[in-house]
Amino acid sequence: MISLKNVSKDFNNTNILNDINLTINEGELVRIVGSNGCGKTTLLKIIAGLLKADGGNITYGEGCNIGAVIENPSFIENETLLYNLKFLYNLKSKFSYDICKKYCDLFSLNIDSKIAIKKYSLGMRQKAAIIQAVMENQNLILLDEPTRGLDIDSMNQFDNLVKELKKEGKTIIICAHDGVENINFDRIIEIKKGRIEE
Ligand SMILES: Nc1ncnc2c1ncn2[C@@H]1O[C@H](COP(=O)(O)OP(=O)(O)OP(=O)(O)O)[C@@H](O)[C@H]1O
């Protein structure tokens, strides 16, 4: 699904990622770990195309369609959850209320709520962000600290969602310090001193 060859990244002359070689196959569920500041988010951003690597290259499998939650999700703050999902959905494909409702129900979010998203709690925003990353049937899903702000019930709901996505054959990469202990990962990759360890 995705292959990184000699990918490197510096920030202000400090090397963050050093010759990263990594292949992730279709349908794999991968966790990336590593200490604060080791470069996990940077790697996800490069894979998502949000950041340019300084060296190396990335090859994406045919039909690769990326969904991502990376850092703070941005929404149209004065609008509702439904408005936001509809807006994001329509950027790429035709909106499906039923699919969005299915994911909102799964996370106990009311899709028809009239409350503006700016009034949502951290956990509610996080759930909305996860929903937009999966609702268009994206097949490469990149999640950076997805359980941030989620309560125990929501974490269980998240575990179920990951299980469902895995069953559907989605490729999933999750960076997480914690909150994913119940997920059965195929691989755990550690970034250490700019390099990958498995
Ligand atoms: N835009 C930027 N400009 C300069 N330095 C940056 C930038 N983005 C990240 N960095 C630096 O790159 C390093 C890696 O950051 P990154 O966010 O990838 O780490 P992380 O592994 O995700 O950390 P955490 O576990 O704390 O989330 C850090 O030292 C950070 O300060």
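Parameters and conventions
- Residues numbered from 1 in each chain as written.
- Predicted model: local features only at pLDDT ≥ 70, side-chain atom pairs only at ≥ 80, totals over all residues.
- Heavy atoms only, no water.
- Near = heavy atom within 4 Å.
- Polar contact = N/O pair within 3.5 Å; in protein donor to acceptor, adjacent residues only side chain to side chain.
- Areas by Shrake-Rupley, 256 points an atom, 1.4 Å probe, with all protein chains shown as cover.
- Helix = DSSP H or I, 4+ residues; strand = E, 2+ residues; numbered from the N terminus.
- Nonpolar A, V, L, I, M, F, W, Y, C, P; charged D, E, K, R; others polar.
- Buried < 20%, exposed > 50% of the residue type's maximum accessible area, 1.4 Å probe, protein only.
- Pairing = 2+ DSSP bridges.
- Axes fitted to C-alpha atoms, helices over the stretch in contact; angles between N-to-C directions.
- Contact = heavy atoms within 4.5 Å.
- Core = buried A, V, L, I, M, F, W, Y, C linked by side-chain atoms within 4.5 Å.

Draft legend 1. View of the site of the ligand. By nearness alone, every residue bordering the ligand is listed as Phe11, Asn12, Ile16, Ser35, Asn36, Gly37, Cys38, Gly39, Lys40, Thr41, Thr42 and His177. Cys38 has a polar backbone atom sitting 3.2 Å from an oxygen atom of the ligand. One of the side-chain N or O atoms of Thr41 is found 2.7 Å from an oxygen atom in the ligand. Contact with the protein chains hides 59% of the accessible area of the ligand, taken as 640 Å² for the molecule alone. By residue number, the principal contributor to the shell around the ligand is helix H1 (residues 40-48), which donates three residues. For the shell around the ligand, a count of residues per class yields three nonpolar, eight polar and one charged.

Draft legend 2. The arrangement of H1 in detail. Within the span of H1, buried status applies to Lys40, Thr42, Leu43, Leu44, Ile46 and Ile47. Trailing H1 by a residue or two, Gly49 shows a phi angle of about 85°, which is positive.

Draft legend 3. Examining the sheet that holds strand S4 (residues 55-60) more closely. Pairing is antiparallel across the open sheet formed by three strands, whose spatial order is S2-S1-S4. Bordering the open sheet on either side are strand S2 (14-24) and S4, each of which pairs with just one other strand. Taking the axes of each pair of neighbouring strands and ignoring which way they run, one obtains an average angle of 20° across the sheet. Those strands touched by H1 are strand S1 (2-11), S2 and S4, and its axis lies near 125° from that of S1.

Draft legend 4. Spatial organisation of the side chain of Ser154. Tracing the backbone through its elements, the reader meets Ser154 in helix H5 (residues 152-167). Within the structure, the side chain of Ser154 is placed 3.1 Å from the side chain of Lys127, a separation counted as a polar contact. Setting aside residues up to four positions removed in sequence, Ser154 forms contacts with Phe107 and Lys127.

Draft legend 5. Highlighting the pairing of strand S8 (residues 187-192). Side chains Arg187, Ile189 and Ile191 project from S8 onto a buried face, and the interleaved Ile188, Glu190 and Lys192 project onto a face without burial. Relative to S8, strand S3 (residues 29-33) runs parallel, the two being bridged by four bridges. Across the sheet, Arg31 pairs through a bridge with Ile188, a residue of S8. Bridge analysis of S8 against strand S9 (residues 195-197) gives three bridges, and the strand direction is antiparallel. Paired with Glu190 across the two strands is Glu197, which belongs to S9. Where S8 folds back onto S9 in an antiparallel hairpin, the turn is made up of two residues, including Lys193, whose phi is positive at roughly 50°.

Draft legend 6. How the structure looks around unusual backbone geometry. Even without being glycine, Asn12 reaches a positive phi, approximately 45°. One can find Asn12 in the loop between S1 and S2.

Draft legend 7. Spatial organisation of the nonpolar core. Among the nonpolar cores identified, the biggest contains 35 residues, and Leu81, Ile131, Phe158, Ile174 and Ile183 are the most heavily contacted of them. For this core, the secondary structure elements donating two or more residues are helix H2 (81-92), helix H3 (97-106), helix H4 (122-134), strand S6 (140-144), H5 and strand S7 (171-175). For this core, the leading source of residues is H4, giving six residues.

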